[in-house]
Amino acid sequence: MADSREPPPFEETHGDAESEDIFKSAVESQPKEELSRNGIDDLMSGGGEEVSLDDDTPAAQPAQSKLEFRTPEEEFNKSSPVATSPPAEMKISDAPQPQPRKTANKSSEEQEDTFLNISVSDPQKIGDGMGAYVVYKVHTKTNLPYYKKKGFSVSRRFSDFLGLHGKLVEKHLHLGRIVPPAPEKDMIGMTKIKMSKDETISSAEFVEKRRIALERYLNRTAEHPVLRMDPDFREFLEMEVDLPKAKSTSALSGAGVMRLFNRVGDSVNKMTFKMDESDPVLITNPQYAIQWFEEKQHQIENLDQQLGSAHKCRILGGPSQRHSSSYSKNIKQNFFSLAELALNTGAFAKSAAMLGNCEEHTALSRALSQLSEVEEKIEQLQSQQAGQDFFLLAELLKDYIALIGAVKDVFHQRVKVYQTWQHAQQVLTKKREQKAKLELVGKTDKIPQAKEEVIEWEAKSERGQEEFENISKMIRKEVERFEKSRVHDFKVSIIKYMESLLETQQQLIKHWEAFLPEAKAIA
C-alpha cells in the first residue's frame, strides 16, 4: 500500500506503490430515457469488476526550509474534524466530512490505527482594503509514519490552497489520477470582505462556507493514498513558515490569462476530437478495455446531468435566486425554501406578540404570547434545518459536480495521450516510406539518417503506446475509487440529513404539545 511506506520527509526515492484493492464499480449502465429529473435515483447503485495495478509514484522531495511545528490547541475527533462555531445568525450544522476508508490488504487493527484528519478553523482577516486577505488555521492529526509529528498546525491563506491544487494537478493529472478540485474563487464575495470594515452577517456566512469547503477539500485529498504522500501536500500541512505566494492563482495575472486560454483550447479540443474507440488497435488489445471506457463516460455524463438538476432543485428555492431563470419558475411551485419559511415564521411570531399585548382578554392574551414564543422556537428550528439542507445536500451535490469535472479531465487527458501516440505512428509511417524510397533509388548517403529517424520515431511510438496503456489502467483504478467514495459520502450525508429531519420534527411536536393546554385554557 502507498500509505504503508515510511519514506523520510521530503526525500526523493523511487519505487512502486501497491494500489488498494477497492475497485468495485458503484454505477450500473442505464439508458438516458430512464433517468429521473431530480437526479438522485441511481446514486446508490453498485456492481463492477476487480482491477489490480501497480503505482509508480515518486516519493517526497527534500525540503529547503527548516520545519517548525506546534501542537493544535484543540484536539479533534478521529472521524470528524473540529469545526469552528458559526456566528449566531447562521444556524447551520457541521458539514459531513469524508470518512476514513479501510484498505483491503491490511489487518483490521492496522486499518483502525491509520488515520489522517485535517480541520480548518479560526478565519482571520489580515489588512484593510483591496490588499486584505483571510488566513485560516489548518490543524492536522495523524499517525502516518511519513509525517514528522502526530499533531501540528499551520496558517494558510486561500491562495495557498489554490497553489497546492495547481501543483498536484501539474504532477498527477497527466498520469491519470483524479485530483480533487479546490473551492472556486468568488471575486464578488471576497471583494465585500475586503471593503467592509465591520463583520456583517453576509460576510460571516461567506467566510464560514469557504472554511467548510476548504476543510472538505483537504480531507478529500488526504483520502487518496498517493496524494497524501505528495511532498507538496505534506509541506502544505507541516511547514509552519508562510509558503511562497502563489502568483498564478490570480485571475488577472498573466498566468491566469494563459490558464483561461488553455481552458478554451481544451474545450475546443474536447468538442472537435473524439477518440475512435472502434480503432482496430484498441479493439484487438484487451488491456485498453474500450467497452469499459465507453460505459463509464456515458455514466459520468448522465451522473453530471442528474446531479446538476438535483443541485438546481436545492438552491433555486432561496429568496435571492428563485426568480433568476425561467427554470426557477417551475421550481417555485414545488419547492418552498426553508430559509424563507423561517423568515415568515419569525414575522408571524412578532405579529402574534404584538396582538397579545393589545388583547384585553387575559386568557387569550396569554395564549397569544405563548404562541409567539412557540413560533420563535419554530423559526430557530427551521433556520437550523435550512442549514442542514444547504450543507448536507446542496454543498455535497455542488462538490460532486466539481469532482465529476475532475473525472472528465482525466478522460480528456487519456484522449490527449492517444493523440500523441497516433501522431507518432503517423510520422513513423512516413519515415519508413521515405526510407524505402531512398533504398529504391539507391541514395546511400541519406539512408543512414533515414534509419536513425525511423528508430527515433519507433521509440516515440512505443513510448506513446506505453503511456496510453498506463493512463488507461490508472484511470480505471481512479474511477473505481471515485465511485466507492461517492457511494460512501452520499450514504453518510443522506442518513445524517434524515436524522436531522426526524429530530426537527420531534422537537416541533414537543413545542406544539406544550402549547396545546394553554390554547384549551382559553375560556
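- As recorded in an unreviewed UniProt entry, the protein chain goes by Sorting nexin-2 like protein and comes from Argiope bruennichi.

## Section: the overall build of the protein chain
- For the protein chain, the helix and strand inventory stands at 12 helices and five strands.
- Put simply, the protein chain shows about 27900 Å² of open surface, and 52% of that area lies on carbon and sulfur atoms.

## With respect to the packing of helix α10 (residues 338-358) against helix α11 (residues 362-441)
- Here α10 crosses α11 at 165°, and the two axes come no closer than 8 Å. As judged from the angle between their axes, α10 and α11 are roughly antiparallel. Judged by the sense of rotation from one axis to the other, the crossing of α10 with α11 is left-handed. Two secondary-structure elements touch here, α10 through Leu338, Ala339, Leu341, Ala342, Thr345, Gly346, Phe348, Ala349, Ala352, Ala353, Leu355 and Gly356 and α11 through Ser365, Leu368, Leu371, Ser372, Glu375, Glu376, Ile378, Glu379, Gln382, Ser383, Gln385 and Ala386.

## Some points on the pattern of salt bridges
- A complete count under the given rule lists 17 salt bridges for this structure.
- Residue Arg220 is joined to Asp399 by a salt bridge in which the shortest nitrogen-to-oxygen separation is 2.6 Å. Taken together, the residues span a long stretch of sequence, with Arg220 in helix α4 (residues 201-223) and Asp399 in helix α11 at a distance of 179 residues.
- Given a relative accessible area of 8%, Arg220 falls into the buried group.
- The residue Lys296 makes a salt bridge to Glu483 at a minimum N-O spacing of 3.0 Å. Of this pair, Lys296 sits in helix α8 (residues 290-315) while Glu483 sits in helix α12 (residues 447-520), placing them 187 residues apart in sequence.
- Residue classification places Glu483 among the buried positions, given a relative accessible area of 2%.
- Residues participating in the shared-partner salt-bridge network are Arg216, Arg220, Glu395, Asp399 and Asp489.

## As for unusual backbone geometry
- We note that Asp122 has phi near 50°; this positive angle belongs to a residue other than glycine.
- Of note, Asp122 is situated in strand β3 (residues 116-126).

## Re the confidence of the model for the protein chain
- Overall, the predicted model of the protein chain reaches an average pLDDT of 74, with 64% of residues at or above 70.
- Confidence over residues 316-336 falls short of pLDDT 50; this stretch has 33 contacts with residues more than four positions distant or in other chains.

Criteria and thresholds
- Residues numbered from 1 in each chain as written.
- Predicted model: local features only at pLDDT ≥ 70, side-chain atom pairs only at ≥ 80, totals over all residues.
- Heavy atoms only, no water.
- Helix = DSSP H or I, 4+ residues; strand = E, 2+ residues; numbered from the N terminus.
- Areas by Shrake-Rupley, 256 points an atom, 1.4 Å probe, with all protein chains shown as cover.
- Axes fitted to C-alpha atoms, helices over the stretch in contact; angles between N-to-C directions.
- Parallel < 35°, antiparallel > 145°, perpendicular 65-115°, else oblique.
- Left-handed = near helix turned anticlockwise from the far one by under 90°.
- Contact = heavy atoms within 4.5 Å.
- Salt bridge = Lys/Arg side-chain N within 4 Å of Asp/Glu carboxyl O.
- Buried < 20%, exposed > 50% of the residue type's maximum accessible area, 1.4 Å probe, protein only.
- pLDDT = per-residue confidence, 0-100.

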